[in-house]
Amino acid sequence: LRGGRPAGRVVRAAAAGAAEGGSSGSAQLVVPPGGASAGDVLLSVPQDECVTLADAMEHPKLAGAAEEAFAGSEIVGMTAWVLATRAGGEGEGGPAAALADAVRGRGQHNPLLWPEEEAQRLLRGTSVLPQLPARRAEVALAYERIATHESIDARALGLTYDAFAAAFCDVLASAVYLPSAECFALVPTVSTVMAHGDCGGGGANGGGVGSDRRRVAEGGGGSRGVLVDYDLESECVVVVAEREYAAGDEPRLPWGEGRNSADLALTFGELDAEGKARDDFLTFQFGMVQNDSLYTVKAGVLAELGYATDGQEFPVFEDRFPTQLLNYLRLSRVTDIGLLAKLSMETDNILSQINEYEILQLLMGDVRERLEEFENTDTVGEQQTLRDAELNGREELATLLRLGEKRVLQGTMTGVRTRLAPIRGVPTKGGGMQDPNADLAEMFESFEQLPKRIATGKIFDGLFED
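Residues numbered from 1 in each chain as written. Predicted model: local features only at pLDDT ≥ 70, side-chain atom pairs only at ≥ 80, totals over all residues. Heavy atoms only, no water.

Moving on, we come to the overall build of the chain. Helix and strand content of the chain: 14 helices and 14 strands. Going through the 466 residues of the chain one by one, you find that 47% of them count as buried. In the chain, once contacts between residues fewer than 6 apart in sequence are set aside, the share between residues at least 24 apart is 68%. A total accessible area of about 22000 Å² is found for the chain, and carbon and sulfur atoms account for 49% of it. (Helix = DSSP H or I, 4+ residues; strand = E, 2+ residues; numbered from the N terminus. Buried < 20%, exposed > 50% of the residue type's maximum accessible area, 1.4 Å probe, protein only. Contact = heavy atoms within 4.5 Å. Areas by Shrake-Rupley, 256 points an atom, 1.4 Å probe, with all protein chains shown as cover.)

Here you go:
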């Protein structure tokens, strides 16, 4: 490991219910009497007690096959280390065995481990469900590489797919990214004791999508709480306070900046209370119309701006969607090449009323389609379930996920309707409201209702009436 040096004094925070540097499934890191200030070191763990991919590659049960079997994956390597260490043998035991055992169950509620029927029932409509097949296939491939390698004794490791998948999810939920060392590690207390908490900011400021691998603990009002990193001088992994803490406070690891509920569920197997502090979001994919006569021109514009012509992802939040999303859709549907001069990806400029009407209706249709994938669109019922029902871990995770994603979709629908309102209706001489695009509106509404009419058997209603 390599890294920098933290500033500030050393404040020995302790794990309640466990010795410092040890682990306990019900313990938590607690700030000692006197509190802590920004820059203080709350916890210091020697690097020899931590585990990285390098340790997995040197493990006697794995060394002969590590490079090929792990395929460079830090998480896969540490998963194999956990399994090999749990299997025991000469030289095993002590802190290493304790660490391997302490991460057991940290990822037990990850949807990757759910039976298919349960996943289909609980995750219906969520963005997690369609991701499961590909994610599970990746885990299965990693298992096959290790289990079938000629240098590895799968039986001696007790290696089965179920055991590997469970350990993989445990490591995924426990691994800590150390920015200065540029690697993931399993760190006693940090990986095994510290709980996760809300992390303010997230995707709110940049509107970007993706995972910031540096996990920063919650700090009230969205401020940072702690930084976990490697200190070169002390050769320790340190937990450094980035704000003031009072005695008895419990610093928490973050969920991760710029990550949504689906990402967190598939990483940690748990979620925070309704995702509000993280500014939850969903992603939508859009593309240009392939048979558009202006396709080549539009493709050139997008390439210059760094956007794809197909499968371009944008985030949508409960209270907003990025200007770039609207401008991408405007470009995709514009038919007058002269209007391209008005387009700027960073400025919210309406190209024409017809163009704006069309792209908002299309966006509304996409949102409605996502909502209709749920068994119901009710959020009050989901809240009541969380409050009143006796849920197991999987049921609670799924309910939180459904609630958060429904809120994002319903908020987006409200935002689209708000933007549509001044386009759909204008004052008339009679004092009423008249839709300037009435014919277009009727066409889109007919298309929107078509799937529902087919599903309810009403598609031919009125067709044969006199």
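That shown, we press on.
Here we come to helix H6 (residues 132-147). Along its 16 residues, H6 runs 22 Å from first to last C-alpha, staying within 8% of the 22 Å computed at 1.5 Å per residue. Within the span of H6, buried status applies to Leu132, Arg136, Val139, Ala142, Tyr143, Ile146 and Ala147. Along the long axis of H6, the arc covered by the buried residues comes to 130 degrees, so they all point the same way. Set apart from the buried face of H6 by more than 90 degrees, the exposed residues are Pro133 and Glu138. (Expected span 1.5 Å × (residues − 1). Arc of directions from axis to C-beta.)

Time to look at the pattern of salt bridges. The full count for this structure, using the stated rule, is 18 salt bridges. Asp348 is the salt-bridge partner of Arg330, the closest N and O atoms lying 2.7 Å from each other. Note that Arg330 is positioned in helix H10 (residues 323-333) and Asp348 in the loop between H10 and helix H11 (353-371), a separation of 18 residues in sequence. Judged by relative accessible area, Asp348 falls into the partly exposed class, the value being 36%. The partner of Arg419 in a salt bridge is Glu356, and the shortest N-O contact between them spans 3.9 Å. (Salt bridge = Lys/Arg side-chain N within 4 Å of Asp/Glu carboxyl O.)

With respect to the helices, strands and loops of the structure, Leu420 is situated in helix H13 (residues 393-424). Those residues in contact with Leu420, other than ones at most four positions away along the chain, are Tyr357, Leu360, Gln361 and Met364.

Judged by how many residues are buried, strand E12 (residues 312-317) sits mostly within the fold: five of six residues are covered. Where strand E11 (residues 281-286) and E12 come together, six bridges link them in antiparallel fashion. The residue bridging Phe281 from the neighbouring strand is Phe317, located in E12. (Pairing = 2+ DSSP bridges.)

Turning to the packing of aromatic side chains, a few remarks are in order. Overall, the coordinates contain ten aromatic pairs when judged by the stated rule. With 6.4 Å between their ring centres and 45 degrees between their planes, Phe286 and Phe314 make a pair best called tilted. Placement of the pair is Phe286 in strand E11 and Phe314 in strand E12, with a sequence separation of 28 residues. Neither residue differs from the other here; Phe286 and Phe314 are each classed as buried. Summarising the aromatic geometry, the rings of Tyr307 and Phe314 are spaced 6.1 Å apart at their centres and angled 25 degrees between planes, so their arrangement reads as stacked. For the pair Tyr307 and Phe314, one class covers both residues: buried. Counting every residue linked through ring pairs, the aromatic cluster contains Phe284, Phe286, Tyr307, Phe314 and Tyr328. Looking at Arg320, its charged tip hangs above the ring of Phe317, at a distance of 4.0 Å from the centre. (Phe/Tyr/Trp six-rings, centres within 6.5 Å; stacked < 30°, edge-to-face > 60°. Lys NZ or Arg CZ within 6 Å of the ring centre and 35° of its normal.)

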